[in-house]
Structures are given as structure tokens and as C-alpha cells.
Amino acid sequence: MELIMLAICIWTLLFSFYHFCKKRDQCCYLLHYECHKPSDDRKLNTELSGSIVARNLNLGHLEYKFMLRAIVNSGIGEDSYGPRNIIDGRENSHSLEDGILEMDEFFKDTLSQLFVKTKVSPKEIDLLVVNVSLLSCAPSLASRIINMYQMRDDVKSYNLSGMGCSASIISINIVSNFFKSHRNSMALVVTSESIAPNWYSGNDKSMMLTNCLFRSGGCTMLLTNKPAMKNRSKLQLKCLVRTHLGASDEAYTCGMQKEDSQGILGFYLDKNLPKTAKRAFTQNIAIIAKTCLSYTELLRYFVMKYSKKKATLNFKAGIDHFCMHPGGTAVIEEIRKGLGLNHEDVEPSKMSLHRFGNTSASSLWYVLGYMEAQKRMKKGDKLWMIGFGSGFKCNSCVWEVIRDLEDANVWEDVIKNEKEEVNPFMDRFSWINQDTYDPPPGSLFQKKM
């Protein structure tokens, strides 16, 4: 009998140890990330932004006023970046090469730094995931990177398009699933958006907003499930939830690439988008709350709800930092109010919008960079990333900080020279909020009257 009990104990210990090792090998660690900071000659300052709007001959007085008002109220400063063809005045004669050039500058800047800083060779990469929604070329951008950095011939690659602003979280999900069946692996995620060939030159107001909000940018991330590299890593993925409302026609069509009535290609944003985003976010929250909040907080919420009192989840009981997509000041404010956050909680998102604009799927990583540059993230903290994308999707994930983080990254100049956030567009174009179209003397818009 004693031998039987001893055998059962040994078997239980071995079984537990096996599952511990298996689970450990399935972890997803973020080893490093590099955000793209284009050269200064690609900055869209106040004067240049105004001239780009003014040279669109398809716009009338009402359209000029609408577009300038959107820029003034966007929350974007004059240090964000645009593609070279638009800065050079070729937005109406763009080519595929313009889009590829924009991507090549991003690839060479971030990937070279990533490999040097981590001392990881491109030949060590087992999985490559590239997501750029509005540029699909052949060979793919993933193949272009493999060729550029001479990666192994057995590297697994995925090239995602059309996935919208939450695509980087989808890419992380692909990596996480890959790690579950491939031990001791390295994965590279490359996320960006191609602005160069997708500038809208028409006069449909629902399609003009993307010109006001979207800017050039990108981020590359190196992830691993190697236990030996855990202490070198920055974050560990704890959970990831994806919500897709594509079965609903209203949700599917609220944000989509299409041609306007004049046949000009652009990206359409429907007036129902805020309502759809709220519905997707609510469904996503219902799942993520169960994994990141304590039973005590969940019990408190249900007691309040069923006692017919105002019930709101206190996400600060399980989350320390909120990394939300900087899609616009209105979007950030709605999420802040919905989650019961204060202004300090959403400052990283607002600062990212102000400095870099909406860089689509890579925006979340600029927000993360700001938090790290300010030395906010300490070992053991929990970080919640929230992204929205066309389709319509709401994807979010929770990370745990492995060690104290303090890399200034692309925010070094901002952190060193901290100054009060100002709106240069408001100073230059404040007249646009007047009831009448009355640009000041000498304005680029005076001749359009």
C-alpha cells in the first residue's frame, strides 16, 4: 500500500512538473519594441498642413471650413509626420512606389535598431507577422523584410491587410498561438499604415476626416517564449480578447475603404461608428473583466447591479495603466468617462495623439513608449491595451510588467523639454470657428472666397 501511495505521489509530482514546464514554454514575452520617428523634413507643421488643404481644388467654402475645423479640434500638434509624396505636393499623382518607399524608411529605421539593441540576429527569427491595412503588394511586405534582412528559409510569415487600427493586437494573438506549439521561439511583429497612396482628394465630409487624423508611423516588436529571456523582457502577456461585430451590417459598414460619388478612393467613416465602437467595447469588457479583476470587485459589481443601484466596474482594482488607441480626442474622452478614469490615466494617449497623430495600429505602442519614458511602469504593474478597428473590431490585451521600465525611446526630446501642450492650429486657424467664412488678409484661403 505504501508503494502504491508513493507511486501516486511521484506520478502527481511529475505530471505537475510537466504541465508547469509546458505552460512556462507557452508564455509570451515582449523582449523589446522600436517606434518609428521619421526625419524632420517629413513634419506636417501648421503652415504646411494649411497649404495641403488649400491646394485641394475639389473643396468649396463649406468643405474648407469643415476640414480646417476638424484639424483644429483634432488634438494633433505640428510635429506629426506625413509621407514624402504629400509633402512634395503629389497627393493626386501617387504611385505604388510611394507607399513602398514609406514602408522601407520605417523598416530600415526600426528593424536595424531592434536587432542591434537586443543583439538578436534576423536569422534567429522563427515567425514574422506584418500588418499594414491599406497597402497590399506582390511580393508581400513580409517577403520584402525577409529579403532585406536575409532571414532563414524556414521562417513562418504572415502578411495581414485590411485589419484596421487594432491589427497589432491581432498580430500579438497570432504570435501567442504560435508559441503554444513551438518551444524556444522568437517572433517579430511589424505594424504600420501606408498613408502615401491613400490620401483622399475628394469633398465627401465622411471621407475627409482620415486626412485630418492619420499620420505616418510604425512599430516593430520582438517577442519570445524562451524562459531564459524572461528577465531581459519588458512585458508578459496575461490575456487577450478579440471582439468582432462583422455579422452586423451597421458595424461592417461604419468604417470602410470605398470610392465616393466621383470615383475618388478614400476611407469612409459612418456617423454610427461611435455607437458601434461602444457596443464592441462593452462586449470586450464583459470578457476581459473576468480575467483581470478580483472576485471581490466582481462580487461588489453584481451586488450593486442586482440591488438596482448604479453599478460600475472599478478597473483600477486590477489595472495600473490604460493604453488606449489615440483615435481622436472625442474617442479618448468617451473611453475615459466610460471606465471612470481621471485625466492622468489618459494623458499618455492624448500626448501620443498630439505628438505623432493617429498612426493606426502602431499608435498603441507610442502610448506605451510615453508611459515608459515617464518611468510610470514598475515591476508587477498591469497594463491594459485597447484598440478599435474596421470590421468592426475591438481587441484588447493585458500585460504584466516584468521589470521597472525607463527607456526614453522616441519620446526623449519631449521628456527632456517638457512644456505645456498647446494647439498651434487653434492659433493659426481660430477664425474657422466663426459663423462666417472670413479668413485673415493674406491667408491661403482668402483667394478661395
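You'll find the structure just up there.
So, here's what we can say about the structure. (Residues numbered from 1 in each chain as written. Predicted model: local features only at pLDDT ≥ 70, side-chain atom pairs only at ≥ 80, totals over all residues. Heavy atoms only, no water.)

Focus on the overall build of the protein
Item 1. Regarding its fold elements, the protein presents 16 helices and 11 strands.
Item 2. When burial is assessed residue by residue, the protein has 53% of its 449 residues classed as buried.
Item 3. Within the protein, counting contacts between residues at least 6 apart in sequence, those at least 24 apart form 78% of the total.
Item 4. Total accessible area on the protein stands at roughly 21,000 Å², and carbon and sulfur atoms take up 54% of it. (Helix = DSSP H or I, 4+ residues; strand = E, 2+ residues; numbered from the N terminus. Buried < 20%, exposed > 50% of the residue type's maximum accessible area, 1.4 Å probe, protein only. Contact = heavy atoms within 4.5 Å. Areas by Shrake-Rupley, 256 points an atom, 1.4 Å probe, with all protein chains shown as cover.)

A short note on the environment of valine 398
Item 1. Note that valine 398 resides in strand 11 (residues 393-401).
Item 2. Remark: the alpha-carbon pair of valine 398 and cysteine 292, spanning 106 residues in sequence, is separated by 7.7 Å.
Item 3. Filtering out sequence-adjacent residues up to four positions away, valine 398 remains in contact with Gln236, Leu237, Lys238, Cys239, Ile288, Cys292, Ile319, Lys382, Leu383 and Trp384.

Concerning helix 3 (residues 61-72)
Item 1. Helix length check: helix 3, at 12 residues, gives a terminal C-alpha distance of 16 Å against a target of 16 Å (1.5 Å per residue), a fit within 8%.
Item 2. Listing the buried residues of helix 3 in full gives Glu63, Tyr64, Lys65, Met67, Leu68, Ala70, Ile71 and Val72. (Expected span 1.5 Å × (residues − 1).)

Some words on the packing of aromatic side chains
Two aromatic rings, taken as a pair, are described by how far apart their centres are and by the angle between their planes.
Item 1. What the rule picks out here adds up to 14 aromatic pairs.
Item 2. With 6.4 Å between their ring centres and 35 degrees between their planes, tyrosine 81 and phenylalanine 356 make a pair best called tilted. Of the two residues, tyrosine 81 is situated in the loop between helix 3 and helix 4 (84-87) and phenylalanine 356 in helix 13 (residues 343-356); the sequence distance between them amounts to 275 residues.
Item 3. Among the aromatic residues, ring-to-ring pairing joins Phe281, Phe315, Phe322, Trp384, Phe388 and Phe392 into one connected group.
Item 4. Residue placement shows lysine 258 over the ring face of tyrosine 268; its charged tip is 4.1 Å from the ring centre.
Item 5. The aromatic ring of phenylalanine 356 is capped on one face by arginine 355, whose charged end is 4.5 Å from the ring centroid. (Phe/Tyr/Trp six-rings, centres within 6.5 Å; stacked < 30°, edge-to-face > 60°. Lys NZ or Arg CZ within 6 Å of the ring centre and 35° of its normal.)

Observations concerning the nonpolar core
Item 1. Ranked by internal contacts, the top residues of the largest apolar core, which has 42 residues, are Leu30, Val175, Met221, Leu223, Trp365, Leu368 and Trp399.
Item 2. No other element matches the eight residues that helix 14 (residues 363-373) contributes to this core.
Item 3. Leave out the neighbours within four places in its chain, and tryptophan 365 touches Leu30, Tyr33, Cys35, Ser168, Ile172, Thr191, Cys219, Met221, Met385 and Trp399.
Item 4. Counting residues in each nonpolar core, the second largest holds 33 residues, with Ile332, Leu339, Phe392 and Cys394 among its members. (Core = buried A, V, L, I, M, F, W, Y, C linked by side-chain atoms within 4.5 Å.)

Quick look at the side chain of serine 390
Item 1. Its place among the elements puts serine 390 in the loop between strand 10 (382-389) and strand 11.
Item 2. Residue classification places serine 390 among the buried positions, given a relative accessible area of 17%.
Item 3. Apart from the residues within four sequence positions on either side, serine 390 is in contact with Gly162, Met163, Gly164, Gly255 and Phe267.

Structural notes on the pairing of strand 4 (residues 186-192)
Item 1. Of all seven residues making up strand 4, seven are buried, and the element is well covered by its neighbours.
Item 2. Both faces of strand 4 are covered, namely the face carrying Met186, Leu188, Val190 and Ser192 and the face carrying Ala187, Val189 and Thr191.
Item 3. Looking at chain direction, strand 4 and strand 5 (residues 218-224) are connected through seven bridges and run antiparallel. Its bridge partner being in strand 5, valine 189 is matched across the sheet by methionine 221. (Pairing = 2+ DSSP bridges.)

Description of helix 10 (residues 273-292)
Item 1. In a regular helix each residue adds 1.5 Å, so 20 residues correspond to 28 Å; helix 10 covers 27 Å between its end C-alpha atoms and thus fits that length.
Item 2. Of all bends in helix 10, the biggest is about 25 degrees, found at alanine 286.
Item 3. Looking only at helix 10, the buried set comprises Thr276, Ala277, Ala280, Phe281, Asn284, Ile285, Ile288, Ala289 and Cys292. (Bend = angle between axes of the 7 residues up to and from the residue.)

Looking at the side chain of serine 133
Item 1. In this fold, serine 133 is placed in the loop between strand 2 (127-132) and helix 6 (141-148).
Item 2. Of note is the side chain of serine 133, whose polar atom sits 3.3 Å from the backbone nitrogen of methionine 163.
Item 3. A polar contact of 2.8 Å, which involves the side chain of serine 133, links it to the backbone nitrogen of glycine 164.
Item 4. Non-local contacts of serine 133, meaning those with residues more than four positions away in its chain, are made with Ser161, Gly162, Met163, Gly164, Ser192 and Glu193. (Polar contact = N/O pair within 3.5 Å; in protein donor to acceptor, adjacent residues only side chain to side chain.)

Comments concerning the packing of helix 12 (residues 329-339) against helix 13
Item 1. The interhelical angle for the contact between helix 12 and helix 13, taken along N-to-C directions, is 165 degrees, at an axis separation of 10 Å. Comparing the axis directions of helix 12 and helix 13 gives the class roughly antiparallel. The element helix 12 and its partner helix 13 pack so that their crossing is right-handed. Here Thr329, Ile332, Glu333 and Arg336 of helix 12 come into contact with helix 13, specifically with His343, Val346, Ser349, Lys350 and Leu353.
Item 2. For the contact of helix 12 with helix 13, the class distribution of residues is three nonpolar, three polar and three charged. (Axes fitted to C-alpha atoms, helices over the stretch in contact; angles between N-to-C directions. Parallel < 35°, antiparallel > 145°, perpendicular 65-115°, else oblique. Left-handed = near helix turned anticlockwise from the far one by under 90°. Nonpolar A, V, L, I, M, F, W, Y, C, P; charged D, E, K, R; others polar.)

Regarding the packing of helix 5 (residues 96-118) against helix 6
Item 1. Put simply, helix 5 and helix 6 touch, their axes get as near as 12 Å, and they point 45 degrees apart. Considered as vectors, helix 5 and helix 6 are oriented oblique to each other. Between helix 5 and helix 6 the crossing geometry is right-handed. Packed against helix 5, whose contacting residues are Ile100, Met103, Asp104, Phe107, Lys108 and Leu111, the element helix 6 presents Leu141, Arg144, Ile145 and Met148 at the interface.
Item 2. Classifying every residue of the contact of helix 5 with helix 6 by side-chain character gives seven nonpolar, no polar and three charged.

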